[in-house]
Amino acid sequence: GKSNWELYSISLYWCITTVTTVGYGDILPVTTLEKLFTALIMIFGVTGFAYVTSALTSTLSNLDATHSKTKF
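None of the values given here were measured: they were computed from a predicted structure.

Conventions adopted
- Residues numbered from 1 in each chain as written.
- Predicted model: local features only at pLDDT ≥ 70, side-chain atom pairs only at ≥ 80, totals over all residues.
- Heavy atoms only, no water.
- Patch = residues over 30% accessible without salt bridge, like charges linked within 9 Å, V, L, I, M, F, W, Y side chains within 5 Å.
- Areas by Shrake-Rupley, 256 points an atom, 1.4 Å probe, with all protein chains shown as cover.
- Salt bridge = Lys/Arg side-chain N within 4 Å of Asp/Glu carboxyl O.
- Helix = DSSP H or I, 4+ residues; strand = E, 2+ residues; numbered from the N terminus.
- Expected span 1.5 Å × (residues − 1).
- Buried < 20%, exposed > 50% of the residue type's maximum accessible area, 1.4 Å probe, protein only.
- Arc of directions from axis to C-beta.
- 1 Å grid on protein atoms, 1.4 Å probe; cavity = no way out; pocket = protein on both sides within 12 Å on 5 of 7 lines; lining within 4 Å.
- Points joined across faces, edges and corners; volume = space filled by probe spheres on them.
- Nonpolar A, V, L, I, M, F, W, Y, C, P; charged D, E, K, R; others polar.

*Asks:* Is there a simple way to think about a nonpolar patch on the surface in this case?
*Replies:* Nonpolar side chains collect at one region of the surface, where L7, I10, Y13, V22, Y24 and I27 lie side by side and expose about 520 Å² of accessible area between them. Locating Y13 in the fold gives a position in helix α1 (residues 4-19).

*Asks:* Teacher, can you tell me more about α1 here?
*Replies:* An α-helix turns once per 3.6 residues; consequently, residues spaced three or four apart project the same way. Compared with the 22 Å implied by 1.5 Å per residue over 16 residues, the 22 Å span of α1 between its first and last C-alpha is a close match. Among all positions of α1, only W14, T17 and T18 are buried. The buried residues of α1 occupy an angular sector of 100 degrees when projected down its axis, which confines them to one face. More than 90 degrees from the buried face of α1, the exposed residues found are N4 and W5. Where α1 ends, the next residue or the one after it, T21, has phi of about 60 degrees, a positive value.

*Asks:* I'm lost on the layout of surface pockets in this one. Help?
*Replies:* Where empty space is left in the structure can be found by rolling a water-sized probe over the atoms. Taken as a whole, the largest pocket spans an internal volume of roughly 190 Å³. If you trace the largest pocket, you find it lined by L7, I10, S11, W14, I27, L28, P29, E34, F37 and T38. Top element by residues in the lining of the largest pocket is α1. It accounts for four residues. Each residue belonging to the lining of the largest pocket can be placed in one class, and the counts come to seven nonpolar, two polar and one charged.

Given below as structure tokens:
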């Protein structure tokens, strides 16, 4: 069998490729539980990306508004 370190590395690789939406397809969920877990990871990834994008947009918008008020 594979060592714990090797299994951890494979799991981390799978998680990163799923969350970043690269999804090479070399490691696939097979059982129903694995598919549900994968769906949750994908939802987490999309939600996290949306949150970061929203926070960055809000910050830049506030910065722009502050800059335009002080300019005139």
